[in-house]
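Summary of the model geometry
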Amino acid sequence: MIKDMLIDKIVKSEKMFDTLFEKQGFIYTFLNPVSYLDAQKNKDLFDNIDGIFVDGNILVSFIKLFYHENIVRRSFDMTSMAPILFNYASKNGKSVYIIASKQESIEKSINVLKIQYPNLNFCGYRNGFFSNEEDRKEEISNIVRMSPDFLIVGMGVGKQEEFLLDVKNEGFNGIGFSCGGFIHQMAHSKQYYYPKWVDKHDLRFLYRMYKEKHTRKRYLKAAFLFPIVFFKEKFFS
């Protein structure tokens, strides 16, 4: 077994990707070099996630170089996982519930998605902010009661995984995914956030730094800390 729990789970998740929509009651998340650092600080949380995929070619390259495992970049956005899930749900009559971002952003995104996927059953949606703990608990109960086939959650690293786990522990038997900033991006792009040339040349993180100023500090931090933490987990743990 690979010593780094996160990498071990990533490798196992990649191998079961073809049966992803067959495993009811499973929840999944995505890591890039930035969120990898957060996940290493919260190993107990991420150890309880059923599957982890790699969102970022830098992490893909590091895993291939140091663990000799071929991992595919998978991100919950329109360049990767999102259209796979939405097409599957549309063709198979599956319901989707989304909780993410601000209310204005989620409403704009749902309108865009309804145009692109007219047969997709959105059984509900709301923003990812709660007025208090009681509000959060009520939303969890609401989701369990509605029992959507797919639950998509975007609240930022840590919070979204905690929410998915809490929903699962309360009896949710669908399939859950974290989606990071997907809804925010959809609301400001009206379908495809990344220009085709950016996606083709794997320049997505640079484009995000250009478009989203708040990401710059995180990406620069990861540039220095990610290799150190990765090597530590690989060679000294």
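In case you missed it, the structure is sitting above this.
My aim in this report is to walk through the structure given alongside it, one point at a time. (Residues numbered from 1 in each chain as written. Predicted model: local features only at pLDDT ≥ 70, side-chain atom pairs only at ≥ 80, totals over all residues. Heavy atoms only, no water.)

Before going further, it helps to examine a nonpolar patch on the surface. Together, Phe-224, Leu-225 and Ile-228 give the surface a local cluster of nonpolar side chains, amounting to about 330 Å² of exposed area. Note on placement: Phe-224 falls in helix H12 (residues 214–235). We classify Phe-224 as exposed; its relative accessible area is 65%. (Patch = residues over 30% accessible without salt bridge, like charges linked within 9 Å, V, L, I, M, F, W, Y side chains within 5 Å. Areas by Shrake-Rupley, 256 points an atom, 1.4 Å probe, with all protein chains shown as cover. Salt bridge = Lys/Arg side-chain N within 4 Å of Asp/Glu carboxyl O. Helix = DSSP H or I, 4+ residues; strand = E, 2+ residues; numbered from the N terminus. Buried < 20%, exposed > 50% of the residue type's maximum accessible area, 1.4 Å probe, protein only.)

Moving on: unusual backbone geometry. One can expect most non-glycine residues to show negative phi and most peptide bonds to be in trans. Of note, His-68 is a non-glycine position whose phi angle comes to about 55°, a positive value. For His-68, the position within the fold is in the loop between helix H4 (57–67) and helix H5 (81–92). You will see that Ser-147, though not glycine, has its phi angle at about 50°, which is positive. Checked against the element boundaries, Ser-147 lands in the loop between helix H7 (133–146) and strand S5 (150–154). What makes Ser-147 partly exposed here is its relative accessible area of 41%.

Okay, the nonpolar core next. Residues Ile-7, Ile-63, Leu-151, Phe-163 and Phe-230 are the most contacted members of the largest nonpolar core, which totals 37 residues. Broken down by element, this core gets its largest block of residues, 5 residues, from H4. What Phe-163 contacts, discounting residues up to four positions off in sequence, is Ile-99, Phe-130, Arg-136, Glu-139, Ile-140, Ile-143, Val-153 and Met-155. If you look at the next biggest cluster of nonpolar residues, it comprises 32 residues, including Phe-21, Phe-86, Ala-89 and Val-96. (Core = buried A, V, L, I, M, F, W, Y, C linked by side-chain atoms within 4.5 Å. Contact = heavy atoms within 4.5 Å.)

What follows is about the environment of Gly-25. Position of Gly-25 relative to the elements: it lies in the loop between helix H1 (5–15) and strand S1 (27–31). Here the alpha-carbon distance between Gly-25 and Ile-175, two residues 150 residues apart in the chain, equals 5.5 Å. When neighbours within four sequence positions are excluded, Gly-25 is seen to be in contact with Asp-50, Lys-168, Phe-172, Asn-173 and Gly-174.

Here the focus is the pattern of salt bridges. Counting across every chain of the model gives 12 salt bridges. Between Lys-12 and Asp-8 there is a salt bridge; the shortest N-O distance is 3.2 Å. One end of the pair, Lys-12, and the other, Asp-8, are both in helix H1, 4 residues apart, so they sit about a helical turn from each other. Residue classification places Lys-12 among the partly exposed positions, given a relative accessible area of 46%. You can call Asp-8 buried: its relative accessible area is 11%. Across the pair Asp-50 and Lys-168 runs a salt bridge, and its minimum N-O distance is 2.8 Å. Taken together, the residues span a long stretch of sequence, with Asp-50 in the loop between helix H3 (43–47) and strand S2 (51–54) and Lys-168 in helix H8 (residues 159–169) at a distance of 118 residues. A cluster of three or more residues bridged by salt bridges with shared partners is formed by Lys-43, Lys-232 and Glu-233.

An order of S2-S1-S6-S5-S3-S4 is seen for the 6 strands of this open sheet, with the pairing classed as parallel. Lying at the two open borders of the sheet, with one neighbouring strand each, are S2 and strand S4 (121–126). For this sheet, the mean inter-axis angle between neighbouring strands, taken without regard to orientation, is 20°. Two strands pair when backbone bridges link them, and S1 and S2 are joined in this way by 4 bridges, in the parallel orientation. Note that in S2 the partner of Leu-31 across the bridge is Val-54. Sitting on the sheet, H7 is in contact with strand S3 (95–100), S4 and S5, with an inclination near 170° to S3. (Pairing = 2+ DSSP bridges. Axes fitted to C-alpha atoms, helices over the stretch in contact; angles between N-to-C directions.)

A separate point is the side chain of Asp-135. Along the chain, Asp-135 falls in helix H7. Overall, Asp-135 belongs to the buried group, its relative accessible area being 19%. Those residues in contact with Asp-135 that sit more than four places away from it in its chain are Arg-126, Phe-129 and Phe-130.

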